[in-house]
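As a plain string of letters, each chain reads:
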Amino acid sequence: MSSHYSTVPIMGIHFIDTTLDGFLRQTIYPALKHEDKCFIVTANPEFLMTTRDNPKFKAIVQSADYVLPDGIGIVNAANMLGTPLQERVSGFDVSQAMLEHAAQNGYRVFFIGASEDSNEKAVHNAMEKYPGLIVAGRQDGYCDVFSEDKVAEVVRSEPDIVLVALGMVRQERWINDNIDRFDKGIFIGVGGTFDVMSGNIRRAPDTWIRLQLEWLYRLIQEPKRIIRVLKTAQFMVMHVPLVHRIKRTFSKKSRT
């Protein structure tokens, strides 16, 4: 389904080259209107490092219809590889735009994942922020979301959008395992989005995001994320030396 986008391959994962607005207008809104079905992955550097270590997970990601560059590290790596992406397209921003569009057009949204507290607050806040939003249903991520009765509940609700916030690997596996049971729908893994929507975790201010310090802001709030930060650092170390070697090689050839 991503054939109308050019893609940038990084570690075997093909990221579509688009903008938030372009993706919404070219893909999301038409898919909702025509009741198409698609699987969207939002990947950051830690995500890619996990695909390297988990072949089954990598195969699931490669099977998705669209992989978005959710993380400035992905954009920076693409630039250093000489195949730039237009911009970072985060799962949080895509999900908020979809919620607004759903509220305006009568589409049904199902919320899966996070703690019961974060899930409940996220849904409540979404309904307040986007008047008219139709909530098809919700399930926290601490119940057995893979059980037949829980999956059947989602199917029966006939959602147009399914936001899955189970954390990487688990959320993509849920979508991959169950998407064929639905006749329509936008299925997207959104990581910690519900924690932010609920107010339990604060999103980094725009200044921190512009300075590419969103990771540090999250680390200050959640020190346990240090392992995730180290994976991101490992990803960047893998790419920067490679790019420098490539540049040196081509520079020498151009002088001879």
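These numbers come from a predicted model, not from an experiment.

Reading the values: the criteria
- Residues numbered from 1 in each chain as written.
- Predicted model: local features only at pLDDT ≥ 70, side-chain atom pairs only at ≥ 80, totals over all residues.
- Heavy atoms only, no water.
- Helix = DSSP H or I, 4+ residues; strand = E, 2+ residues; numbered from the N terminus.
- Buried < 20%, exposed > 50% of the residue type's maximum accessible area, 1.4 Å probe, protein only.
- Contact = heavy atoms within 4.5 Å.
- Areas by Shrake-Rupley, 256 points an atom, 1.4 Å probe, with all protein chains shown as cover.
- Phe/Tyr/Trp six-rings, centres within 6.5 Å; stacked < 30°, edge-to-face > 60°.
- Lys NZ or Arg CZ within 6 Å of the ring centre and 35° of its normal.
- Pairing = 2+ DSSP bridges.
- Axes fitted to C-alpha atoms, helices over the stretch in contact; angles between N-to-C directions.
- Polar contact = N/O pair within 3.5 Å; in protein donor to acceptor, adjacent residues only side chain to side chain.
- Core = buried A, V, L, I, M, F, W, Y, C linked by side-chain atoms within 4.5 Å.

### Side note on the overall build of the chain
For the chain, the count of helices and strands is 12 helices and 8 strands. Relative to its full complement of 256 residues, the chain shows a buried share of 48%. Partitioning the intrachain contacts of the chain with sequence separation of at least 6 by distance along the chain shows that 72% fall at a separation of at least 24. When the accessible surface of the chain is totalled, it reaches about 12500 Å², and 52% of it is carbon and sulfur.

### Here we look at the packing of aromatic side chains
Evaluation of the coordinates by the stated rule reveals 7 aromatic pairs. Taking the centre distance of 6.2 Å and the plane angle of 45° together, the rings of Y5 and F23 count as tilted. With Y5 in the segment before β1 (7-10) and F23 in helix α1 (residues 20-33), the pair connects residues that are 18 residues apart, well separated along the chain. Here the two residues Y5 and F23 agree in accessibility, since each one is buried. Between R173 and the ring centre of F146, over which it is positioned, the NZ or CZ distance is 4.1 Å.

### Notes on unusual backbone geometry
Positioned with a positive phi, M11 is a non-glycine residue whose angle comes to about 55°. Topologically, M11 is positioned in the loop between β1 and β2 (13-16). The backbone of A114 shows a phi angle near 70°, a positive value even though the residue is not glycine. Here A114 is to be found in the loop between β5 (108-113) and α6 (116-129). Judged by relative accessible area, which is 14%, A114 ranks as buried.

### Describing the sheet that holds β5
Taken in spatial order, the 6 strands line up as β4-β3-β8-β7-β5-β6 in an open sheet, and their pairing is parallel. Every interior strand has two partners, whereas the edge strands, β4 (66-69) and β6 (134-139), have only one. Strand-to-strand twist across the sheet, computed as the mean angle between neighbouring axes with direction ignored, equals 20°. Taken together, the 5 bridges between β5 and strand β7 (residues 161-165) define a ladder with parallel strand orientation.

### Thoughts on the side chain of S147
Positionally, S147 belongs in the loop between β6 and α7 (148-156). Among the residues examined, S147 registers a relative accessible area of 16% and is labelled buried. Engagement of the side chain of S147 in a polar contact is seen with the backbone oxygen of D144, the distance being 2.8 Å.

### Considerations on the environment of Q104
With respect to the helices, strands and loops of the structure, Q104 is situated in helix α5 (residues 91-105). A relative accessible area of 58% means that Q104 is categorised as exposed. Between the C-alpha atom of Q104 and that of P131, which follows or precedes it by 27 residues, the distance is 8.2 Å.

### Regarding the nonpolar core
Counting residues in hydrophobic clusters, the biggest one holds 38 residues, and the most contacted among them are I40, L99, F111, L133, L163, I186 and F194. Top element by residues in this core is α5. It accounts for 7 residues. Ranked by size, the runner-up nonpolar core spans 33 residues in total, among them V67, V145, I179 and F187.

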